[in-house]
Amino acid sequence: MTFQELEQLRITAKEALAARLGGAPADEYKYHVLVCGGTGCHSSGCQAVADALEKAIEDNGLKNSIKLVQTGCIGACQLGPVVMVYPGAYHYCNVKPEDISDIVNDHLKNDKFVERLCYKNDKGELQPTVPEMDFFKKQLKIALRNCGLIDPVSFEEYVAVDGFAALAKVLKDMTPQQVIDEVKNAGLRGRGGAGFPTGLKWQFMANEKADQKYVICNGDEGDPGAFMDNAVLTGDPFSVIEAMTICGYATGASKGYAYIRLEYPLAIKNFKKALEIAREKGMLGNNILGTDFSFDIEIREGAGAFVCGEETALMASTEGRRGEPRPRPPFPAASGLYNKPSNINNVETWANICPIINKGADWYAGIGVGKSKGTKVFALAGKVVNSGLVEVPLGITLREVVEEIGGGIAGGKKFKAAQTGGPSGGCIPAEHFDTSLDYETLASLGSIVGSGGLIVIDEDNCMVDLAKFYLGFTQDESCGKCTPCRIGTKRMLEIMERITKGLGREGDIELLEEMAAMIKQSALCGLGQTAPNPILSTLKYYRAEYEAHIKDKVCPAGICKIRGAKKTTS
Amino acid sequence: MGAGCNCNCQPEVDKKIESLISQHRGNPNDLIVVMAGIQEALGYLPKDLMIKVAEELCVPLTDVYGVATFYAAFSLRPRGRHSINLCLGTACYVKGAPEIQAELEKQLKIKPGDTTEDRRFSFDVVRCLGACGIAPVMTIDGEVHPRMTPDKVAEVLAKYE
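Here the structure is a predicted model, which means the values were calculated and not measured.

## As for the interface of chain A and chain B
Inference 1: Each side of the interface is counted separately: chain A has 46 residues, and chain B has 32 residues.
Inference 2: Summed over both sides, the interface of chain A with chain B buries roughly 3,000 Å², with 59% coming from carbon and sulfur.
Inference 3: Taken together, the connections running from chain A to chain B amount to two salt bridges.
Inference 4: Across the chain A-chain B interface, the total number found is 15 residue pairs in polar contact (both at pLDDT 80 or more).
Inference 5: Contributing elements (two or more residues each) for the side of chain A that touches chain B: α3 (39–43), α14 (311–318), β13 (375–382), β17 (453–458) and α19 (463–477) of chain A.
Inference 6: A class-by-class count of the residues in the side of chain A that touches chain B yields 19 nonpolar, 16 polar and eleven charged.

Below you can see the structure in the form of structure tokens.
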């Protein structure tokens, strides 16, 4: 495909998608009906809904006037299976196959939306469309811009939402250095957890001279409670492919690897399909868009190891070895995969690249707060009314996310804490409910943005038990290569187990603190260095709960099974 | 049970594995890809095949064993007919996954990582299936069972013979 053919296609593709893009429907379809095919909706049975819809459309002779599309994650996982009807972005919740006849008869045939299937907030207010729903009001979608809007594996639909426009722009009008400068000026930081400036990372790799360089997509999302990478890989795989290709151009790489964890079969399937289509259309492979730039991507399926999210471990695993990290330097930019210069970015980071190229660094840098630019996707889950994926400008407050987007705590319970950043992160207690969600503020509270897990904890949860849970996870997932992580986390876990069984001893807290400090300083990689964080953060804010377990032999929340303990309310 | 590994009753599977290995012959970098293929075809990694893979891909046998025991996807023992994965991600954990685990252990009489004596079920815990909105979640042969409670366990298990 040439530049011209791509632009030509875009015009017709945009027309075909006008119903969804807010314009007047110019195509032959009166309604576009979207069924969410994200993991959450799949799990709640969206396939049966999609099948019932297809049959009903056929039976009612609407095949030529209704376009049925299965999309990626729309966001409100709690409300799934979700069906959307465009124009108007009507959002039907918890749809069952038996609800289909109402949608077809009332909405598709008689232009009247089905009130009983629409969202009502806790005040009973009807919010039938996406712009009206509390869950979406404060969101700003950049990384998730296409998730839930397009057919993830339709080239035409991706082109309609400006797909491959960024790639065309850089190949036609920009030098590699200009591309890197754009990403640098946007202020985008790595969304995988560490928050390192992405443009700088690209610059390091571009500065290296080598016969072969690699671009890698880190899709080994292993944080328990985070699933945005899954959503992007499943719902918008082309955007990751396009961004990796742009990076290849900017840094001088000709080969890419997408490392995707095997627990995400749907993501692997869609990404594979998208790769095939991109190759077929000339967006990957030799002489992309008729230029002399060549680039291709291969998938590597993860085999189930949390540590493989660490970049040096991920590269070892890609090479077919045990996913064990190695000391840095040398950094991957100098010596990475197969000892060649390599650049690794997280899926969500990749998803931000094309909008930055298309709309410019200034636009992106204008969103967010301080040194935290742009948006962040949070996987909102736990004891919250509306869980799901939310993308918000950095700098939004925790309260806004939990109360306004999430609809507050389920069951009228009290907010106790928000756990952010997964096993590498920490807790934000109720007294900091109005804190700004950004890299610097969370760090100052002893937590991190991390990959974006945001688990809401209510008064029924025990913080000591939760800290033990995270430590158990990292202990389990430690690769065992370095002693502090292998043995240190094991000893800490033993202490935590004792405490939660009511066998805690005087001095345990101090011992935990001492060991935490040592492990943080001496572990080889990020997994070990951050493993003590949940303990340190809960000790900081909920020390009294530890003391109650140790001294009084009670679990204030009544979670830990302490023999002979009385259940008390806190 | 050892006879079930590379037995003559599954010639197509044998052929598939044979061709998989020969496709990657002499390429140590493809070790995980080959092992994943065998795991998928047989449900575990028989000893004789690990030796064969080591020879054909030019990887020391210790490394093959090292990889096999490192990753959660690989099993050295035959698996049950149905594979249960209970999610122990944070969202599932705070919403009661530990109680479901206790109930599964009670009903199946095995711990995570084991297979029931009649080989009907294998039971594992996994960390986050990416479906936190409908926690707690468990899957059986990939089929998702959302919003699990301990009293639903028996009913769900009964569906799998």
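From this point, the narrative continues.
## Details of the packing of helix α10 (residues 198–207) of chain A against helix α12 (residues 237–251) of chain A
All names here are of chain A.
Inference 1: Orientation of α10 relative to α12, taken along the N-to-C sense of each, is 45 degrees, at an axis distance of 8 Å. Looking at the two axes, α10 sits oblique to α12. For the pair α10 and α12, contact is made by Trp 202, Met 205 and Ala 206 and by Ile 246, Cys 247, Ala 250 and Thr 251, respectively.
Inference 2: The residue makeup of the contact of α10 with α12, split by class, is six nonpolar, one polar and no charged.

## Observations regarding helix α9 (residues 176–186) of chain A
Residues and elements named next belong to chain A.
Inference 1: The set of residues buried in α9 consists of Val 179, Ile 180, Val 183 and Ala 186. Taken end-on, α9 shows its buried residues confined to a sector of 125 degrees, consistent with a single buried face.
Inference 2: In the core, the buried residues of α9 are packed alongside α8 (165–173), α10, α12, α15 (347–359), α16 (361–365) and β12 (372–373).
Inference 3: Once α9 ends, the next one or two residues include Gly 187, with phi positive near 80 degrees.

## Description of the pairing of strand β14 (residues 388–393) of chain A
Residues and elements named next belong to chain A.
Inference 1: Burial analysis of β14 places five of its six residues in the buried class, which makes it a mostly covered element.
Inference 2: The pairing of β13 with β14 spans six bridges and is antiparallel. In the sheet register, Val 377 faces β14, and the bridge partner there is Glu 391.
Inference 3: Counting the residues that bridge the hairpin from β13 to β14 gives five residues.

## Observations regarding the sheet that holds β17 of chain A
Consider a sheet: its strands pair through backbone hydrogen bonds, and that pairing is either parallel or antiparallel.
Residue and element names in this part refer to chain A.
Inference 1: Strand order in the open sheet made by the five strands is β14-β13-β17-β15-β16, with mixed pairing throughout. A single partner strand is all that each edge strand has here, and the edge strands are β14 and β16 (426–429). Sheet twist, expressed as the mean angle between neighbouring strand axes with direction ignored, is 30 degrees.
Inference 2: Across the face of the sheet, helix α11 (residues 228–235) comes into contact with β13 and β14 while running at roughly 115 degrees to β13.
Inference 3: Running over the sheet, helix α23 (residues 533–552) touches β15 (415–420) and β16 and is turned about 55 degrees from β16.

## Topic: α10 of chain A
Residues and elements named next belong to chain A.
Inference 1: Taken together, the buried positions of α10 are occupied by Thr 198, Gly 199, Trp 202, Gln 203 and Met 205. Angular distribution of buried residues about the axis of α10 spans 165 degrees; they occupy a single face of the element.
Inference 2: Buried residues along α10 sit in contact with α9, β7 (214–219), α12, β10 (342–346) and α15.

## Focus on the state of the cysteines
All names here are of chain A.
Inference 1: Summed over the entire model, instances satisfying the criterion amount to zero disulfides over all chains.
Inference 2: This cysteine, Cys 427, is not joined by any disulfide, and Cys 462 carries the nearest cysteine sulfur, 11 Å off.
Inference 3: We classify Cys 427 as buried; its relative accessible area is 3%.
Inference 4: Lacking any disulfide linkage, Cys 479 is separated from the closest cysteine sulfur, that of Cys 525, by 6.4 Å.
Inference 5: Judged by its relative accessible area of 15%, Cys 479 is buried.

## Points about the pairing of β13 of chain A
Residue and element names in this part refer to chain A.
Inference 1: Summarising burial for β13: eight of the eight residues are buried, a large majority.
Inference 2: Across four bridges, the pairing between β13 and β17 is parallel. In the strand pairing of β17, Gly 382 is matched with Val 456.

So, how was this worked out
- Residues numbered from 1 in each chain as written.
- Chains lettered and ligands numbered in written order.
- Predicted model: local features only at pLDDT ≥ 70, side-chain atom pairs only at ≥ 80, totals over all residues.
- Heavy atoms only, no water.
- Contact = heavy atoms within 4.5 Å.
- Buried area = accessible area lost by both parts, 1.4 Å probe.
- Salt bridge = Lys/Arg side-chain N within 4 Å of Asp/Glu carboxyl O.
- Polar contact = N/O pair within 3.5 Å; in protein donor to acceptor, adjacent residues only side chain to side chain.
- Helix = DSSP H or I, 4+ residues; strand = E, 2+ residues; numbered from the N terminus.
- Nonpolar A, V, L, I, M, F, W, Y, C, P; charged D, E, K, R; others polar.
- Axes fitted to C-alpha atoms, helices over the stretch in contact; angles between N-to-C directions.
- Parallel < 35°, antiparallel > 145°, perpendicular 65-115°, else oblique.
- Buried < 20%, exposed > 50% of the residue type's maximum accessible area, 1.4 Å probe, protein only.
- Arc of directions from axis to C-beta.
- Pairing = 2+ DSSP bridges.
- Disulfide = S-S within 2.5 Å.

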